[in-house]
Amino acid sequence: MAATVEGVEATGARIVARVADVRDRSALQSALDEGIDRLGRVDIVVANAGIAPMAGENAWQDVIDVNLTGTYHTVDVAMKPMIEQGDGGAIILINSVIGLVGVGSPMAGSLGYTASKHGMVGLMRAYANLLAPHSIRVNSVHPCGVRTPMIDNDFSRAWMEEMAQQGGPDLSNAMPVDMVEPEDVAAAVLWLVSDAARYVTGTALPVDAGFVNKR
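Because the structure is predicted, anything quoted here is derived from the model rather than measured. Residue numbers restart at each chain and count upward from 1, following the sequence in its written direction. Totals for whole chains, interfaces and linings use all residues, but because this is a predicted model, local features are given only for residues with pLDDT of at least 70 and pairs of side-chain atoms are given and counted only at 80 or more. The side-chain values count all of the structure's non-hydrogen atoms but skip hydrogen atoms and water molecules.

*Asks:* Can you break down the overall build of the protein residue by residue, with the values?
*Replies:* Within the protein, the secondary structure is distributed over seven helices and four strands. Mapped in sequence order, the helices and strands of the protein form the string α-α-β-α-β-α-β-α-α-β-α. Restricting the calculation to C-alpha atoms gives the radius of gyration, and the globule rule supplies 2.2 Å times the number of residues raised to the power 0.38. Relative to the globule expectation of 17 Å for 215 residues, the C-alpha radius of gyration of the protein, 18 Å, shows essentially globular dimensions. Taken along its principal axes, the extent of the C-alpha atoms in the protein is 55 × 35 × 35 Å. Throughout, exposure labels follow a simple rule: accessible area from a 1.4 Å probe, protein chains only, divided by the maximum for the residue type, with under 20% read as buried, over 50% as exposed, and the rest as partly exposed. When each of the 215 residues of the protein is scored for burial, the buried share is 39%. Throughout, a contact is declared for two residues whenever any of their heavy atoms are within 4.5 Å. Looking at the protein alone, contacts between residues at least 24 apart form 76% of all its contacts between residues at least 6 apart. A residue counts as positive if it is Lys or Arg and as negative if it is Asp or Glu; His and the chain ends are not included. The atom standing in for a charge is NZ when the residue is Lys, CZ when it is Arg, CG when it is Asp and CD when it is Glu. Here the protein contributes 15 positive and 25 negative side-chain charges, whose respective centroids are spaced 6 Å apart. Strands here are runs of E lasting at least two residues and helices are runs of H or I lasting at least four, both read from the DSSP assignment and numbered beginning at the N terminus.

As structure tokens, then:
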């Protein structure tokens, strides 16, 4: 986050950066309120918080609380000032290819991840209908594996190798790449929030090197 603050301020723009747990609605509300107080309005919301615990006593509940309930909190607190502003906006839910296919291992966290991501699709579509009269567009982006520390780490690589050896789900992409880059996902988000996509809403957009189509 410090690097993001530095990068934004280097352009001469202003930024309000706060740490808030998406499970804590009041903390989100406080962060949003401070941002609006200092910057004036909210036009774009990107709900990007997510976890992928594969195991652990509380893995199911943790992933549902962060990925699904946290996304609900994020949209619910942000949409109200967007509606009051009266001139539309764009909300993007960062999802996963796992929200579009029935892939998962028997582990509680893995099943919870799949359930949470499928739930987010329903949430996105419901909000797209609810907010369309206010010209607020709601879409989701569904990447395959992205080259970030969440996936590109020794534990995740070992887990995927173990799943493959045990005859688990095929997690390979159709195109000859193992992962996409963060910039690929950012480019899709940028298009969806731009005027070029001004009539695009209720869409689940894969950025997945053909992962979903292969299934």
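*Asks:* Before we move on, could you go through the environment of Gly104 and cite the residues and values that matter?
*Replies:* Within the secondary structure, Gly104 sits in the loop between strand S2 (89–94) and helix H4 (108–131). Placed 66 residues apart in sequence, Gly104 and Asp170 show a C-alpha to C-alpha distance of 9.9 Å. Look past the residues within four positions of Gly104 in its chain and what remains in contact with it is Ser110, Thr114 and Pro169.

*Asks:* Tell me what's going on with helix H3 (residues 59–85), and back it up with residues and numbers.
*Replies:* For a helix, the expected span equals 1.5 Å multiplied by the number of residues minus one. Between the first and last C-alpha of H3 there are 39 Å, a value that for 27 residues agrees with the 39 Å anticipated at 1.5 Å per step. What we call the bend at a residue is the angle made by axes fitted to the seven residues finishing there and the seven residues starting there. At Thr69, H3 is deflected by roughly 30 degrees, the largest bend along its length. Gly86 sits one or two residues past H3 and shows a positive phi near 85 degrees.

*Asks:* Lay out the sheet that holds strand S4 (residues 204–207) with the relevant residues and their values.
*Replies:* The pairing criterion is simple: DSSP has to find at least two bridges between the two strands. Sheet architecture is open: four strands sit in the order S1-S2-S3-S4, paired in parallel fashion. Pairing within the sheet leaves two strands with one partner each, and these edge strands are strand S1 (44–47) and S4. Averaged over all pairs of adjacent strands, the angle between their axes in this sheet comes to 20 degrees, without regard to strand direction. Across four bridges, S1 lies against S2 in parallel orientation. Paired with Val45 across the strands is Ile91, a residue of S2. Only the stretch in contact is used when fitting a helix axis, every axis being a line fitted to C-alpha atoms; angles between N-to-C directions are given from 0 to 180 degrees.

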